[in-house]
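Coordinate analysis (summary)
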Amino acid sequence: MELTLIFGISIIGLLFAVYLIRDVLKRDTGTDKMKEISNAIKQGAEAFLRRQNRTIGFLAFALACLIYILYAFVRAHNEHDPASTSSLALWTTISFVFGAACSVAAGYMGMWVAIRSNIRTASAARTSMNDALQTALRGGAVSGFFVVAMSLLGVAGLFALVKSLGVTDDVTKIPLLIVGYGFGASFVALFAQLGGGIYTKAADVGADLVGKVEAGIPEDDPRNPAVIADLVGDNVGDCAGRGADLFESTAAENIGAMILAAGLYRANTSYFEMNQLPLLGVILFPLVARAFGIIASIVGIMVVKTNEKEDPMKALNRGYFIAAIIAMVGFFIASRWLLGEEHYFNFFICGVIGVLTSVAFVYITQYYTEYRYRPVKSIAEASQTGPATNIIAGVAVGMESTGYPILVIAGAIVSAYFLGTHSGLNDAGLFGTAVATMGMLGTAAYILAMDTFGPITDNAGGIVEMSQQPEAIRERTDRLDSVGNTTKALTKGYAVGSAALAAFLLFGAYIDEVRNYMPDFQPVINLNKPEVFVGAMLGSVLVYLFSSLAIKAVGRAAYSIINNVREQFKNNPGIMKGTSKPDYGQCVDIATKAALQKMVLPGLLVVGMTVGVGVIFKWIYYAGGQQPTGASGAEVVGGFLMAGTITGILMALFLNNGGGAWDNAKKYIETGAYGGKKSDPHKASVVGDTVGDPFKDTAGPSLHVLIKLLSTITLVLAPLFI
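Cut-off values and rules
- Residues numbered from 1 in each chain as written.
- Predicted model: local features only at pLDDT ≥ 70, side-chain atom pairs only at ≥ 80, totals over all residues.
- Heavy atoms only, no water.
- Helix = DSSP H or I, 4+ residues; strand = E, 2+ residues; numbered from the N terminus.
- Contact = heavy atoms within 4.5 Å.
- Patch = residues over 30% accessible without salt bridge, like charges linked within 9 Å, V, L, I, M, F, W, Y side chains within 5 Å.
- Areas by Shrake-Rupley, 256 points an atom, 1.4 Å probe, with all protein chains shown as cover.
- Salt bridge = Lys/Arg side-chain N within 4 Å of Asp/Glu carboxyl O.
- Expected span 1.5 Å × (residues − 1).
- Buried < 20%, exposed > 50% of the residue type's maximum accessible area, 1.4 Å probe, protein only.
- 1 Å grid on protein atoms, 1.4 Å probe; cavity = no way out; pocket = protein on both sides within 12 Å on 5 of 7 lines; lining within 4 Å.
- Points joined across faces, edges and corners; volume = space filled by probe spheres on them.
- Nonpolar A, V, L, I, M, F, W, Y, C, P; charged D, E, K, R; others polar.
- Axes fitted to C-alpha atoms, helices over the stretch in contact; angles between N-to-C directions.
- Parallel < 35°, antiparallel > 145°, perpendicular 65-115°, else oblique.
- Left-handed = near helix turned anticlockwise from the far one by under 90°.
- Phe/Tyr/Trp six-rings, centres within 6.5 Å; stacked < 30°, edge-to-face > 60°.
- Polar contact = N/O pair within 3.5 Å; in protein donor to acceptor, adjacent residues only side chain to side chain.
- Core = buried A, V, L, I, M, F, W, Y, C linked by side-chain atoms within 4.5 Å.

1. Let's talk about the environment of threonine 31
Mapped onto the secondary structure, threonine 31 falls in the loop between helix H1 (2-25) and helix H2 (32-74). Taking the C-alpha atoms as reference points, threonine 31 and tyrosine 181, 150 residues apart in sequence, are found 44 Å from one another. In this structure threonine 31 touches Arg126 and Gln469, once residues within four positions along its chain are discounted.

See below:
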């Protein structure tokens with residue numbers, strides 16, 4: 001019954017995505033000039049993604065082979081394994097490959113529709129604000145529904161397959177066999193987000209510094225050789241990259257919650273049997289609750305509409321709140337149905353806490369990144385005295401912005417844990433936090449639609465500008481572009497908030513898994529042990545090294561693009577006069593090569609360092625022979641995971657919010673404040689914005705993935721550290 005519901009609603013989600021594709025693609029595609037620009041963006045984005053996916057595919061294949069070898073031939077059999085050695089190796093590898101393939105497909109599908117929605121949004125802007133808004137949102141929603149529905153189908157499908165084949169007699173151990181699905185999704189997402197982020201910000205920084213500051217030409221001016229690369233970057237970074245990011249979020253958290261649900265059933269078997277609540281229903285509760293979120297998001301998307309005078313952001317928020325309310329109703333139904341009438345209510349409230357946490361993150365991110373509020377205005381004000389004070393103010397705002405989100409996360413974790421502990425069921429605290437995480441992800445399809453809305457409207461504005469449409473149309477796309485910048489910032493806040501909640505969920509799942517393999521293991525990570533303390537320091541420094549590599553990659557790629565743009569202006573004076581066209585392809589090629597070369601090292605650093613810490617400290621632990629000393633490899637990895645997660649959350653908040661605030665401080669000045677465009681404060685704000693670009697669109701979003709990749713690596717490879 002539960003599996004049928006999950007499959008049925010997931011298929012409804014995919015069918016709705018197909019309906020949205022048909023609805024968007026049948027809309028008008030504008031003038032020939034608009035089509036020419038859109039086709040250039042489309043060709044650049046598809047060419048980059050093909051090359052990137054080939055690279056990712058090679059790396060994923062190599063890692064899949066390594067996982068199989070380690071499980072099948074290197075690791076000794078453990079009596080507590082969920083299946084035989086060969087079955088464990090096979091299903092871990094299969095689930096890894098399947099997760100990687102689904103993550104690639106989800107990211108590509110979102111981008112495929114986005115690069116065809118941009119021109120239709122630009123054309124719709126010639127008619128009305130409502131048509132343009134709905135075109136962009138529905139185009140973005142395709143990505144949201146493909147990601148969420150495929151994630152549910154993948155996890156539920158693997159679960160059903162392993163169960164039907166009888167790989168293990170114990171249903172509670174099936175999640176341990178398919179945990180590789182989340183690892184595969186996370187692995188792909190890290191490279192997709194890194195590669196797309198390096199590409200988009202290298203092009204953006206190059207276009208802004210030479211175009212706006214040196215040449216004094218507007219954004220998206222067709223005379224700028226880097227403008228097409230910049231528009232391509234919006235799609236490969238914000239559409240494909242974020243699609244893979246949220247896919248791995250939902251996949252990893254679904255499996256982590258199932259592991260904790262299995263532990264909950266084992267601890268309360270008599271209660272569930274007495275109330276005739278089947279084991280399968282309890283384990284699948286997280287997936288059922290998430291499935292109801294698909295229905296909620298469908299309703300939210302369909303009710304969005306606006307008029308010429310209303311702020312488009314209000315229409316999007318209206319749809320979001322409707323989706324959030326329906327998601328809460330879905331949680332009530334799932335909790336009462338699958339967790340029993342006696343103890344369900346506390347878990348329902350946990351789900352509500354998760355939904356409210358996502359709302360809180362939306363408002364906090366708006367406060368720190370919209371130019372209506374104090375933080376962004378303070379950066380704009382500081383721009384009056386030059387780039388240095390602009391950057392100082394931006395760094396300060398980014399650091400300040402970590403405070404409120406951490407308080408919200410702390411409140412959500414403690415309250416959900418408290419409700420779980422006092423639900424009347426044994427060992428239910430961690431499961432309470434898992435339910436809160438499911439609640440936060442209940443509206444993931446709608447949130448991802450809002451995220452992809454951003455690059456679609458950005459591209460639409462570029463198409464309108466480059467095809468020299470009337471000013472009234474440009475004003476409409478400017479309003480949508482401004483809203484799109486806000487929605488992109490909100491999604492980053494949402495992503496890091498869900499990553500923080502999920503990190504605690506997945507950390508609990510890791511401890512549960514270690515206890516499954518080592519029944520005598522005490523669920524305590526003792527930082528007083530020198531090995532664990534060192535492991536924690538290594539986890540923290542990983543975040544800094546990773547961020548450094550990502551930001552440096554943007555700087556080096558941007559350096560090459562800046563020199564190319566300057567060279568084209570110098571060698572072809574007709575570009576600035578408008579009598580000849582720049583060579584857009586050169587910048588596209590530079591950005592593509594740089595992104596593919598620079599994304600590999602940071603990704604391999606994360607995987608290599610995590611495995612290295614676990615294996616080395618396991619060897620040290622057993623170095624004394626029959627009398628192990630110090631902390632086990634599993635405990636050291638626990639410290640590594642805990643410290644890396646906490647540091648990663650703080651760094652991601654700083655980078656995302658600081659970068660978003662710099663961007664909107666520039667846009668605030670462009671509205672006419674402090675002298676407006678081409679003034680000295682505007683030039684200072686452009687410099688600040690270029691500093692913030694790799695923060696908010698490369699390193700920051702990649703850290704969301706890193707946080708969850710650390711958890712999924714440790715879940716998959718935990719048996720190797722024991």
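2. Examining a nonpolar patch on the surface
Together, Tyr68, Ile69, Phe73, Val74, Leu90 and Ile94 give the surface a local cluster of nonpolar side chains, amounting to about 560 Å² of exposed area. Within the residue set of the nonpolar patch, elements represented by two or more residues are H2 and helix H3 (85-124). Broken down by element, the residue count for the nonpolar patch peaks at 4 residues, all from H2. Here phenylalanine 73 lies in helix H2.

3. Let's talk about helix H12 (residues 344-369)
The end-to-end C-alpha separation of H12 is 38 Å, in line with the 38 Å expected for 26 residues at 1.5 Å each. Along H12, 20 of the 26 residues are buried, which leaves the element largely enclosed by surrounding structure.

4. Quick word on the layout of surface pockets
Estimates place the volume of the second largest pocket at around 560 Å³. If you trace the second largest pocket, you find 22 residues lining it, with Leu260, Asp427, Leu430, Asp512 and Arg515 closest to the centre. For the lining of the second largest pocket, the leading source of residues is helix H18 (residues 471-517), giving 7 residues. Residues that form the lining of the second largest pocket fall into these classes: 12 nonpolar, 6 polar and 4 charged.

5. Description of the packing of helix H4 (residues 129-165) against helix H17 (residues 444-466)
Two elements in contact, H4 and H17, have axes whose closest approach is 7 Å; the angle formed by their N-to-C orientations is 130°. By the angle between their axes, H4 is oblique relative to H17. When you trace H4 past H17, the crossing you get is right-handed. Contact residues: H4 offers Leu133, Ala136, Leu137, Gly139, Gly140, Ala141, Ser143, Gly144, Phe145, Val147 and Val148, while H17 offers Ala444, Ala445, Leu448, Ala449, Met450, Thr452, Phe453, Ile456 and Thr457. Counted by class, the contact of H4 with H17 contains 14 nonpolar, 6 polar and no charged residues.

6. Examining the packing of aromatic side chains
What the rule picks out here adds up to 26 aromatic pairs. Ring geometry for phenylalanine 285 and phenylalanine 431: centres 6.1 Å apart, planes at 50°, overall tilted. Taken together, the residues span a long stretch of sequence, with phenylalanine 285 in helix H10 (residues 285-302) and phenylalanine 431 in helix H16 (residues 429-440) at a distance of 146 residues. Across the pair, phenylalanine 431 and phenylalanine 285 agree in class, each one buried. Here the aromatic rings of tyrosine 668 and tyrosine 674 are separated by 6.5 Å at their centres, their planes lie at 75°, and the arrangement is edge-to-face. With relative accessibility at 31%, the residue tyrosine 674 sits in the partly exposed group. Grouped by ring-pair contacts, the aromatic residues Phe96, Phe183, Phe187 and Phe191 constitute a single cluster.

7. Quick word on the environment of threonine 647
When you line up the elements, threonine 647 lands in helix H23 (residues 633-670). Exposure remark for threonine 647: the relative accessible area of 14% places this residue in the buried category. Look past the residues within four positions of threonine 647 in its chain and what remains in contact with it is Ser540, Val543 and Tyr544. A distance of 2.9 Å separates the side chain of threonine 647 from the backbone oxygen of alanine 643, its partner in a polar contact.

8. A look at the nonpolar core
Within the largest apolar cluster, 252 residues are counted, with the highest numbers of intra-cluster contacts made by Phe145, Tyr199, Ile228, Phe247, Leu316, Phe431 and Val606. A total of 22 residues in this core trace back to one element, the largest contributor, which is helix H7 (residues 227-267).

9. Digging into the side chain of glutamate 310
Take glutamate 310: it is sitting in the loop between H10 and helix H11 (312-338). Only 2.9 Å separates the side chain of glutamate 310 from the side chain of arginine 318, close enough to count as a polar contact. Setting aside chain neighbours within four positions, we find glutamate 310 in contact with Lys305, Ala315, Arg318 and Arg479.

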